[in-house]
Amino acid sequence: MESAKTAPVDNQGRSAAASSKKRGAGIRAWLVIDSSGRPKLEEFEKHRIMRLTGLPARDLRILDPLLSYPSRILARERAIVVNLEHIKAIITATEVLLLNSKDPLVAPFVRDLQSRISSMCCSSPPPEVTSNALSFYRENCKC
């Protein structure tokens, strides 16, 4: 009689392979550009993005590269969600979070955004960051 091989199991009864798959789900690398224009690459889980931005999961779906959504800008109470061709971003009052930041088609946008934020940082702040960010996208998108 052959003995059945069993996979290691975690403390919640899942196999180690299933457990590691579950942990990796929803974690993405985001380029975070702060209010002074300084970029940093960070990894966030979907739920952490939801807590930071106040966005519901349905709004984050338009940024999913596996799903096909038309170009769209969603204005919410605490953030703006942008899905325009290769630009996938979340804009808050204090920072911009960008997906696909290593994409060569996104790089010129990132440089321009950083220089605009840096120049805004040195001048007097606009009355409302979110309305300025929305008009920036409207002026500079060639969709």
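Residues numbered from 1 in each chain as written. Predicted model: local features only at pLDDT ≥ 70, side-chain atom pairs only at ≥ 80, totals over all residues. Heavy atoms only, no water.

### Section: the overall build of the protein chain
Tallying secondary structure elements over the protein chain gives 5 helices and 6 strands in all. Ordered by position from N to C terminus, the α and β elements of the protein chain give α-β-β-α-α-β-β-β-β-α-α. Per-residue burial over the protein chain gives 30% buried out of 143 residues. Looking at the protein chain alone, contacts between residues at least 24 apart form 43% of all its contacts between residues at least 6 apart. (Helix = DSSP H or I, 4+ residues; strand = E, 2+ residues; numbered from the N terminus. Buried < 20%, exposed > 50% of the residue type's maximum accessible area, 1.4 Å probe, protein only. Contact = heavy atoms within 4.5 Å.)

### Observations regarding the side chain of K88
Structurally, K88 is set in strand β5 (residues 87–91). No salt bridge is formed by the buried K88, whose closest oppositely charged neighbour, D64, lies at an N-O distance of 8.4 Å. A polar atom in the side chain of K88 sits 2.8 Å from the side chain of N83. Setting aside anything within four residues of it in sequence, one finds K88 in contact with I62, L63, V82, N83, L97, L98, L99 and N100. (Lys, Arg positive; Asp, Glu negative; His and termini not counted. Salt bridge = Lys/Arg side-chain N within 4 Å of Asp/Glu carboxyl O. Polar contact = N/O pair within 3.5 Å; in protein donor to acceptor, adjacent residues only side chain to side chain.)

### Notes on the confidence of the model for the protein chain
Looking at the protein chain, pLDDT values average 77 and 66% of them are 70 or higher. Counting interchain partners and residues more than four positions distant, the pLDDT-below-50 stretch residues 1–7 has 1 contact. The low-confidence segment residues 9–24, where pLDDT is below 50, has 8 contacts with residues more than four positions distant or belonging to other chains. (pLDDT = per-residue confidence, 0-100.)

### Focus on the environment of V110
As for its placement among the helices and strands, V110 is situated in helix α4 (residues 107–122). C-alpha of V110 to C-alpha of I87: the two residues are 23 residues apart in sequence and 9.4 Å apart in space. Contact partners of V110, with chain neighbours within four places excluded, come to L31, I33 and L98.

### Brief notes about the sheet that holds strand β2 (residues 39–44)
Pairing is antiparallel in the open sheet, where 6 strands are placed in the order β2-β1-β6-β5-β4-β3. Of all the strands in the sheet, just β2 and β3 (72–75) have a single pairing partner and so form its edges. Across the sheet, the axes of successive neighbouring strands diverge by a mean angle of 20°, strand direction being ignored. Pairing between strand β4 (residues 80–84) and β5: 5 bridges, direction antiparallel. When the bridges of β5 are listed, V82 appears paired with A89. Its contacts with the sheet put helix α2 (residues 46–53) on β1 (28–34), β2, β5 and β6 (95–99), and the angle it makes with β2 is roughly 120°. (Pairing = 2+ DSSP bridges. Axes fitted to C-alpha atoms, helices over the stretch in contact; angles between N-to-C directions.)

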